[in-house]
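One letter stands for each residue in the lines below.
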Amino acid sequence: MPDWLSKDFHWKAFSLLMAIGIWLSVRRAESPAGQMANLSSNTYANVPVLAVSTDSNVQAAQIFPQTVTVNISGATEIMNRLERTEIHAFVNLTGFSSADHLSRDVEVALPAGTTIISVDPPQVSVTIPKQQ
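Definitions and cut-offs
- Residues numbered from 1 in each chain as written.
- Predicted model: local features only at pLDDT ≥ 70, side-chain atom pairs only at ≥ 80, totals over all residues.
- Heavy atoms only, no water.
- Phe/Tyr/Trp six-rings, centres within 6.5 Å; stacked < 30°, edge-to-face > 60°.
- Helix = DSSP H or I, 4+ residues; strand = E, 2+ residues; numbered from the N terminus.
- Buried < 20%, exposed > 50% of the residue type's maximum accessible area, 1.4 Å probe, protein only.
- Core = buried A, V, L, I, M, F, W, Y, C linked by side-chain atoms within 4.5 Å.
- Contact = heavy atoms within 4.5 Å.

So, about the packing of aromatic side chains. Tallying each qualifying case throughout the model produces one aromatic pair. Ring geometry for Trp-11 and Phe-14: centres 6.3 Å apart, planes at 85°, overall edge-to-face. One end of the pair is Trp-11 and the other is Phe-14, both in helix α2 (residues 9-29) and three residues apart, which spans about a single turn. In this structure Trp-11 comes out as exposed when scored by relative accessible area, which is 61%. Of the residues examined, Phe-14 reaches a relative accessible area of 45% and is grouped as partly exposed.

Shown next as structure tokens:
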């Protein structure tokens, strides 16, 4: 047996076993093609967009458009139980006390096990009147 193979043979065998174990773990974590059929998607139109802020009162904020369409994907059993009231679209206005036609990204909060495919429109225009 060549010296490069027999020297530290135990460490080389251990490393090989660890590499195989990692490879098997990664393969198991990947979703096989059969599980893709267990996914479904739904589109929810007219989801209201709310204004949120941690540092100012944004109740008077005017958002245009006021609703968005959200396309969501998830496991079929989760999607069958999902209700419109569990989908929350909002714009984060932290740091703004007044604004005129401010363009902000729409963020969506969803239950665990679901994923956003798309939001239409992805941005809204926000006007926050100056507070006296």
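Continuing now.
Okay, unusual backbone geometry next. Of all residues except glycine, most have a negative phi; of all peptide bonds, most are trans. The step from Phe-64 to Pro-65 runs through a cis peptide bond, and the omega angle for that step is -5°. Topologically, Pro-65 is positioned in the loop between β2 (62-64) and β3 (67-75). The omega torsion of the bond from Asp-120 to Pro-121 falls at -5°, within 30 degrees of zero and hence cis. The phi dihedral of Asn-46 is positive, around 60°, even though this residue is not glycine. By relative accessible area, Asn-46 is classed as exposed at 56%. Phi angles above zero are rare outside glycine, and His-101 is one such case at about 55°. Of note, His-101 is situated in strand β5 (residues 99-105). In this structure His-101 comes out as exposed when scored by relative accessible area, which is 58%.

One finds Val-68, Val-91, Leu-93, Val-106 and Val-126 to be the most contacted residues of the largest nonpolar core, which totals 23 residues. Those elements that place two or more of their residues in this core are β1 (39-52), β3, β4 (88-92), β5 and β8 (123-128). Apart from residues lying up to four places away in sequence, Val-106 is in contact with Val-68, Ala-89, Phe-90, Val-91, Val-119, Pro-121, Pro-122, Gln-123 and Val-124.

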